[in-house]
Amino acid sequence: MLKKQYSKEQRATQLKDFRSLMNVKTSREDVKRIWKLNSYSKYPSNIDINPNIEKKISIAKRNIQSLKLFNLVKFIGISGSVGAGFAKEDDDIDVFIVVRNGSVWLYRLCLEIRNIFSKKIRTKRDRCVKDKFCLNLICEERGLLFDNDIFNFHELMFVKPIYNPDYLNYIYSKNDWLYTEWGICKKGNIDIVKSNECNIFIRFVNEVAFYLQCFFMLISKHNPDIERIKRNKRLGRIEFFPKNFRKRKVDRYNDVFRFV
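Keep in mind that this is a model prediction, so the values were computed, not measured.

### Notes on the overall build of the chain
When helices and strands are tallied, the chain shows eleven helices and five strands. Overall size of the chain, expressed as C-alpha extent along the three principal axes, is 55 × 40 × 35 Å. Looking at the chain alone, contacts between residues at least 24 apart form 74% of all its contacts between residues at least 6 apart. Split by element, the accessible area of the chain, about 14700 Å² in all, is 54% carbon and sulfur. Charge-centre separation for the chain: the mean point of 51 positive side chains lies 1 Å from the mean point of 30 negative side chains.

The structure is reproduced here in structure tokens:
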């Protein structure tokens, strides 16, 4: 069976419907930015700006040094409720981070150690998470290919870069389905010069960091999903959102709007 092809207008409607499940509107400016559609009257041109968004982005930029580590970090973007535009005053700040190949577990370990003193990143013990960074996804460059679905499309289109913004176009270029299936407009320079893979010493320390953190999760009764961790290790990722979170969002969307 041939897969149904959607027009840009239909894709824009799908995005609008998906965002409606989060009680957030899609603006005419969003549609222009993604598809260059200029005459779409059903999208409002003026949406009341959530005052929490710019405030939290400003806080994230001021504290960005707590997420940067040597030359390992390639990109930092804000995702979650802040990226999508519906953050509440007491919300944390979800971040999506890209690091060099062969360094993701070393990077995470260093963040955990640094956070003992800086306390800029939320932990399970925190009762108040307001304006703290929440690690949503840490990804090596080799793990930038994401599955084609409405959830990932929305996350990529609404991520707010706070470090190396030009790199976002490179992330888009690694996901051809954004252009072929969703019809987004290519923009900006995607000829990004990437760092070489980390040297053999860093890769070795990264492996040690992986096993140390797995051991800690086991002895501290974090109940880690070992199969999920191993699968994501092969992909070069660490996912912090709950298992099947993305699938539940996509399934709910499909149940309500019946898009395939």
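After that view, the rundown keeps rolling.
### Topic: the environment of K160
When you line up the elements, K160 lands in strand β4 (residues 160–163). Sequence separation between K160 and S66 is 94 residues; the distance between their C-alpha atoms is 18 Å. Other than its neighbours up to four places away in sequence, K160 contacts I57, I76, G77, I78, V82 and G83.

### Section: a nonpolar patch on the surface
A cluster of nonpolar side chains, F215, F216, L218, I219 and I226, forms an exposed patch at the surface whose accessible area comes to about 510 Å². In terms of residues, the nonpolar patch owes the most to one element, helix α9 (residues 200–219), which gives four residues.

### Topic: the pattern of salt bridges
Applying the stated criterion to the full structure yields 15 salt bridges. Residue K56 pairs with D131 through a salt bridge whose shortest N-O separation is 2.6 Å. Pair noted here: K56 is in helix α3 (residues 51–62) and D131 is in the loop between α5 (104–118) and β3 (133–140), with a separation of 75 residues, a long-range link. K56 sits in the buried class, given a relative accessible area of 1%. Residue E89 is joined to K130 by a salt bridge in which the shortest nitrogen-to-oxygen separation is 3.4 Å. With E89 in the loop between α4 (80–84) and β2 (93–99) and K130 in the loop between α5 and β3, this pair connects stretches of sequence that are 41 residues apart. When its relative accessible area of 45% is taken as the criterion, E89 is described as partly exposed. You can call K130 partly exposed: its relative accessible area is 30%. One salt-bridge network, in which partners are shared between bridges, spans D147, D149 and R246.

So, how was this worked out
Residues numbered from 1 in each chain as written. Predicted model: local features only at pLDDT ≥ 70, side-chain atom pairs only at ≥ 80, totals over all residues. Heavy atoms only, no water. Helix = DSSP H or I, 4+ residues; strand = E, 2+ residues; numbered from the N terminus. Contact = heavy atoms within 4.5 Å. Areas by Shrake-Rupley, 256 points an atom, 1.4 Å probe, with all protein chains shown as cover. Lys, Arg positive; Asp, Glu negative; His and termini not counted. Charge placed at Lys NZ, Arg CZ, Asp CG, Glu CD. Patch = residues over 30% accessible without salt bridge, like charges linked within 9 Å, V, L, I, M, F, W, Y side chains within 5 Å. Salt bridge = Lys/Arg side-chain N within 4 Å of Asp/Glu carboxyl O. Buried < 20%, exposed > 50% of the residue type's maximum accessible area, 1.4 Å probe, protein only.

Taken by themselves, the reported measurements are silent on function.
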